[in-house]
Structures are given as structure tokens and as C-alpha cells.
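Chain by chain, the residues:
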Protein chains: 2
Amino acid sequence: MNTLSYGLLSLLTKNSRSGYELMQHIQPFWSAKHSQIYPLLAQLEQKGHVAFVHVAQSDKPDKKVYSITEQGKDALREWIAMPTDEPVTRDELSLKVYCIGLVDKEQARMMLAVREVYYKKKKERFNLLMDKLQQASEKPLDQLEIGDDAFGMYVLVHKATMKVDTDLIWCEWMKKKLT
Amino acid sequence: MNTLSYGLLSLLTKNSRSGYELMQHIQPFWSAKHSQIYPLLAQLEQKGHVAFVHVAQSDKPDKKVYSITEQGKDALREWIAMPTDEPVTRDELSLKVYCIGLVDKEQARMMLAVREVYYKKKKERFNLLMDKLQQASEKPLDQLEIGDDAFGMYVLVHKATMKVDTDLIWCEWMKKKLT
DNA sequence: CTCCTTTATGTCATTATTGACATATAAACA
DNA sequence: TGTTTATATGTCAATAATGACATAAAGGAG
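Now for a look at the structure at hand. It should be emphasised that the depicted structure is a prediction, and the values quoted were computed from it without experimental measurement.

The rules behind the values
Every chain's residues receive numbers from 1 upward, in the order its sequence appears when written. The lettering of chains begins at A and the numbering of ligands begins at 1, in the order of writing. Given that the model is predicted, a residue must reach a pLDDT of at least 70 before its local features are reported, and side-chain atom pairs must reach 80 or more before they are shown or counted; all residues, however, enter totals for whole chains, interfaces and linings. As a rule here, side-chain values cover all heavy atoms of the structure and leave hydrogens and water aside. Here, proximity means that at least one heavy atom of the residue falls within 4 Å of the molecule or strand. Two N or O atoms form a polar contact when they lie within 3.5 Å of each other; inside protein one atom must be a possible hydrogen donor and the other a possible acceptor, and for residues adjacent in sequence the pair counts only when both atoms belong to side chains. Numbering of helices and strands runs from the N terminus; a helix is a DSSP stretch of H or I covering at least four residues, while a strand is a stretch of E covering at least two. Classification convention: Asp, Glu, Lys, Arg as charged; Ala, Val, Leu, Ile, Met, Phe, Trp, Tyr, Cys, Pro as nonpolar; all other residues, Gly among them, as polar. What makes two strands pair is DSSP finding at least two bridges between them. Only protein chains enter the accessibility calculation, which uses a 1.4 Å probe; a residue whose area is less than 20% of its type maximum is buried, one above 50% is exposed, and one in between is partly exposed. Residues are treated as being in contact if the distance between any of their heavy atoms lies within 4.5 Å. Charge convention: Lys and Arg are scored as positive, Asp and Glu as negative, and His as well as the terminal groups of each chain are ignored. The rule for a salt bridge is simple: a side-chain nitrogen of Lys or Arg has to be within 4 Å of a carboxyl oxygen of Asp or Glu. Residues reaching a pLDDT of at least 70 in both copies supply the C-alpha atoms on which the copies are superposed by least squares. The term buried area denotes the loss of accessible surface (1.4 Å probe radius) that occurs when two parts are joined, taken as the sum for both partners. Think of it this way: a Phe, Tyr or Trp ring, Trp meaning its six-membered ring, pairs with another when their centres are within 6.5 Å, and the plane angle makes it stacked under 30 degrees, edge-to-face over 60, tilted otherwise. Distance and angle both matter: a charge sits over a ring if NZ of Lys or CZ of Arg is within 6 Å of the ring centre and within 35 degrees of the ring normal.

1. Focus on the protein's contact with DNA strand C
Reasoning step 1: Near DNA strand C, the surroundings consist of 25 residues, among which Ser-35 and Pro-61 of chain A together with His-34, Gln-57 and Lys-64 of chain B are the closest.
Reasoning step 2: Among atoms of DNA strand C positioned within 4 Å of the protein, sugar and phosphate together represent 64%.
Reasoning step 3: Contacts to DNA strand C include Asp-59 of chain A, whose backbone N or O atom sits 3.1 Å from a sugar or linking oxygen.
Reasoning step 4: Separating a phosphate oxygen of DNA strand C from a side-chain N or O atom of Tyr-38 of chain B is a distance of 3.1 Å.
Reasoning step 5: When contributions to the surface near DNA strand C are tallied by element, the ones reaching two or more residues are helix H3 (34-47) of chain A together with helix H2 (19-26), helix H3 (34-46) and strand E3 (63-68) of chain B.

What follows is the structure, given as C-alpha cells:
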């Protein structure tokens, strides 16, 4: 069982979802393509960690909706108790910035501008996510506690928002450096 | 040529280094094991992007010191001009935090405490790095410009410091949430 | 003198991840 | 009516990355 498998189980603790939906919703936490997710779901099903039902849809193609089993929840709890791997970040931009002196200021500015747009779009998405969370919650989000269903998602979106804000501040700082 | 290959070339624009040194110095920007780096260096050498000399050492085993060639620099400039891949972050902790409600507050606090220690050590390393950069520089670091050799490294360490500070603020915020 | 750690280079099997190929339904658009 | 887009599921070859195995020199600890 790899980390992504446990990630899928984690998502399924909140909602039953199809493979396609899981693929979409796990992106902020663990980037993965559908070609990796579908085989893992089949494995998880074989092990009894998840179960699925066919769900017919009139407006869209039919889907297989997966739910976590009690056995799956046990596996999750065991995994959480294990030592946590350190985060891995791979950003091509940092490698390019390292040797930015190879190109001129104008090209450097352009490169950073593209990334800034990416960060701004990302921030927008997190803002929308936070709004959606608030609408679905009876409590104000900052009063959520560990027992509440939305707690994990809330604190992660908060973390992601803090990070993207920091990234945008760095972009502004870089713009001044490249004036 | 994959991204890590270009990353190795990037490092070599500043200093000639051995595979072992490259492996150590690329970690903050792109995590990779020596078993991935040595074969790539051999490929880069075959393509004429780098060249190496054997360097005998009395206090340590001998090493192969690689330098970037003009051809390698051309390849780097071409790569910088290409669209930049989006950053990929994979953090097992975020998956565990998502379903943190499965375990009790005490276990959650412990998990976060381990990560906080990791962030603090990381911050310490970046502080030392920044000190080392300042000592090696004639100018104050905040006056470095794109043409200066240390510029890229400086702005990246600054970015990394900002990020780890944000991570530590989130840890403090989480501690309150888990009181 | 032996064991452990760091430095140093390498290979190879396995695992993780991506990208391409394949198929199909349904809505929207032209 | 044909085309594109989003949804939906899947396989498979190729690439990226890790972990284990292997070797060796040199220093330090005991």
C-alpha cells in the first residue's frame, strides 16, 4: 500500500466518491493522474478496504461510487500512527531561478509573471473552496474542532492559503528586484 | 533530458562539483538520491553538456569533478526559455490531517509536533545558509542584482525561509486548535 | 585493531508516476 | 448534424525515483 492509496482512503472517510471525483479532489494534496488512481482503487477493493456500487446517471455517464469499509478505516488508523514521510516539493522554477543570471531581466520578469498568474488563480480557487466550506458548515469555520467533519479540510485550505499568499509576496518582492 | 538533468547543469553554472556534492546541494530545490544522479551525469557527459576531471584527495576518497561546457550552457538557456512546469508537492502529513478526526487529540498533537521540529531544523539550516552567503558576498545580500553570482541562491533561500516561517505559524495555529 | 561514519561512485530491481491509447455517454455549440 | 468539452473508466509502455546491494578510502571512537 503506497501513500496515494491511503490518501484515497482518507478522502473516502468524508464522502463516497467515484474514481473520477477522487482524482479531482485529491489534487490539492497529492497530484496524481486517473491512470494511477483507477488501478489503486481496484487493489483497494480486492483487499476489502473499499467497496463500490454502480450508479446510473442520466445527464452523465454511469459511475462506480466507492465507499471505505471498516477494514479500510482500521488500515487508515494504523497508517496515521506510523512515522510521517517528509514533504517532497519539486519546482522547476526554482532550478531556473538558481541560474537566472544566464538570461536577461526581461526574460526573467516574464518567467516570474507566468508563475504569479498561476499563484493568483490558485489563491482564487482556495478562496472559493473556503466559501463553499463555510456555506456547508453550521459553525463559523474558525470554531471548528477536531471532531467536526470539515475540520481537516478547513485547516488544510487555511495552510494552502497561507502558502500561496507567501508565494505571492515573494513574487512582488522579486518584481522589485528585477526592476 | 529530464528536469533533474537541467537542475544539475544549473548548479554547475556556479561551481564545478562532484556527483556527491551535486547530490547534497540540489536537495533544497529537487530531492534526488545519488542512484538517480550518477547515471544522469554519465548521460550529460556523453552528450557533451558536462566534462569531468579526476581529483585526488588525501583526506577523503578521490572524486570526479564535473564542469558545465559551453554546449551545456546553451542547452540550459534553451530550457529556461521553455514553459515552466507547475510545482509538485506531495506531503503525507496533509493526507493524514485531512482525516485527523479518526484519531484522538493527543495523537494529532504528537504528529504535528514531529513536523514542527522538522520545520524548525529546516529553518535553522536556511539561517546558516544565509549567513554563509553573506560571508561570501562583498555586497549586502539585499543589494544583490540579477547579474550577481549569488543572486539566484539568495532569492531562493529567501523564498524557502518565507515558506518555512509560514509553516511554523501554521503549526502554532494548529496547536491552539488542538488545545 | 575493530567498528562506525562520512565521503565517494556505481548498478540494478522495484515502485511510483506519467503520457499515450482506447472507449463511451451526454451536453453544449456551431 | 458534426465537433468539442466534460464526465467516466480503463490499460499499457515509458519514464522518474527509490531502495537495496556493492565497493572503497579515510578518519575517529572505543
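Anyway, onward from the coordinates.
2. Things to note about the protein's contact with DNA strand D
Reasoning step 1: Not every one of the 25 residues close to DNA strand D is listed here, only the nearest: Tyr-20, His-34, Gln-57 and Lys-64 of chain A together with Ser-35 of chain B.
Reasoning step 2: What you see for DNA strand D is that sugar and phosphate hold 63% of its atoms within 4 Å of the protein.
Reasoning step 3: One of the side-chain nitrogen or oxygen atoms of Tyr-38 of chain A is found 3.1 Å away from a phosphate oxygen of DNA strand D.
Reasoning step 4: Within the side chain of Ser-35 of chain B, one N or O atom sits 2.6 Å away from a base oxygen of DNA strand D.
Reasoning step 5: Listed by contribution, the elements that provide at least two residues to the surface near DNA strand D are helix H2 (19-26), H3 and strand E3 (63-68) of chain A together with H3 of chain B.
Reasoning step 6: Across the surface near DNA strand D, the residue classes break down as 6 nonpolar, 11 polar and 8 charged.

3. Looking at the sheet that holds strand E2 (residues 50-55) of chain A
Hydrogen bonds between backbone groups are what pair the strands of a sheet, and the pairing can be parallel or antiparallel.
Residue and element names in this part refer to chain A.
Reasoning step 1: One open sheet holds the 3 strands; their spatial order is E1-E3-E2, and the pairing between them is antiparallel. In this open sheet, the two strands that pair with only one neighbour each are strand E1 (17-18) and E2.
Reasoning step 2: Relative to E3, E2 runs antiparallel, the two sharing 6 bridges. Bridge assignment links Ala-51 to a residue of E3, and that residue is Ser-67.

4. Side note on the environment of Ser-16 of chain A
All names here are of chain A.
Reasoning step 1: For Ser-16, the position within the fold is in the loop between helix H1 (3-12) and E1.
Reasoning step 2: What makes Ser-16 partly exposed here is its relative accessible area of 40%.
Reasoning step 3: As for Ser-16 and Ala-75, which are separated by 59 residues in sequence, their C-alpha atoms are 17 Å apart.
Reasoning step 4: When residues no more than four places from it in sequence are discounted, the contact partners of Ser-16 are Glu-21, Val-65, Tyr-66 and Ser-67.
Reasoning step 5: There is a polar contact of 2.8 Å between the side chain of Ser-16 and the side chain of Ser-67.

5. Thoughts on the side chain of Lys-96 of chain A
Reasoning step 1: Assignment of secondary structure puts Lys-96 of chain A in helix H5 (residues 92-98).
Reasoning step 2: Within the buried set, Lys-96 of chain A has no salt-bridge partner at all; the shortest N-O distance to an opposite charge, 4.5 Å, is to Glu-92 of chain A.
Reasoning step 3: Here Thr-84 of chain B takes part through its side chain, which lies 3.1 Å from a polar atom of the side chain of Lys-96 of chain A.
Reasoning step 4: Not counting the four nearest positions on each side in its chain, Lys-96 of chain A is found in contact with Met-111 of chain A together with Trp-79, Ile-80, Met-82, Pro-83 and Thr-84 of chain B.

6. Quick notes on the sheet that holds strand E1 (residues 17-18) of chain B
Reasoning step 1: With antiparallel pairing, the 3 strands of this open sheet are ordered in space as E1-E3-E2 (chain B). Only two strands of the sheet have a single partner each, and these edge strands are E1 and strand E2 (50-55) of chain B.

7. Here we look at the environment of Lys-139 of chain A
Reasoning step 1: Mapping Lys-139 of chain A onto the fold places it in the loop between helix H6 (105-136) and helix H7 (151-177).
Reasoning step 2: Apart from residues no more than four positions distant in its own chain, Lys-139 of chain A is found in contact with Gln-134, Leu-144, Glu-145 and Asp-148 of chain A.

8. Here's the deal with the relation of the copies chain A and chain B
Reasoning step 1: It takes a turn of 180° to lay chain A on chain B, together with a shift of 0.0 Å along the axis; the resulting RMSD is 0.0 Å. Both copies of the chain, as the preceding transformation shows, are related through a two-fold rotation axis. Minimal C-alpha separation from the rotation axis in chain A is found for Thr-89 of chain A, amounting to 2.1 Å.
Reasoning step 2: A shared interface surface links the copies, since 100% of the contact residues of chain A are contact residues in chain B too.

9. Some remarks on the interface of chain A and chain B
Reasoning step 1: If you look at the interface, chain A gives 66 residues, while chain B gives 66 residues.
Reasoning step 2: The contact between chain A and chain B buries some 6,900 Å² in all, and 67% of this surface belongs to carbon and sulfur atoms.
Reasoning step 3: The largest per-residue losses of area from chain A upon contact with chain B belong to Arg-90, Tyr-98 and Ile-146 of chain A, which jointly make up 13% of the total buried on that side.
Reasoning step 4: Linking chain A with chain B are 2 salt bridges, by the criterion used here.
Reasoning step 5: Residue Asp-167 of chain A is joined to Lys-159 of chain B by a salt bridge in which the shortest nitrogen-to-oxygen separation is 3.4 Å.

10. Details of the packing of aromatic side chains
Reasoning step 1: Enumeration over the complete set of coordinates arrives at 10 aromatic pairs over all chains.
Reasoning step 2: Aromatic pair Phe-29 of chain A and Tyr-98 of chain B: ring centres 5.7 Å apart, planes at 50°, arrangement tilted. Taken together, the residues span two chains, with Phe-29 of chain A in the loop between H2 and H3 and Tyr-98 of chain B in helix H5 (residues 92-98). The pair Phe-29 of chain A / Tyr-98 of chain B is uniform in exposure class, with both members buried.
Reasoning step 3: Residue placement shows Lys-64 of chain A over the ring face of Phe-52 of chain A; its charged tip is 4.3 Å from the ring centre.
Reasoning step 4: The ring of Trp-79 of chain A carries Lys-96 of chain B above its face, with NZ or CZ at 5.1 Å from the centroid.

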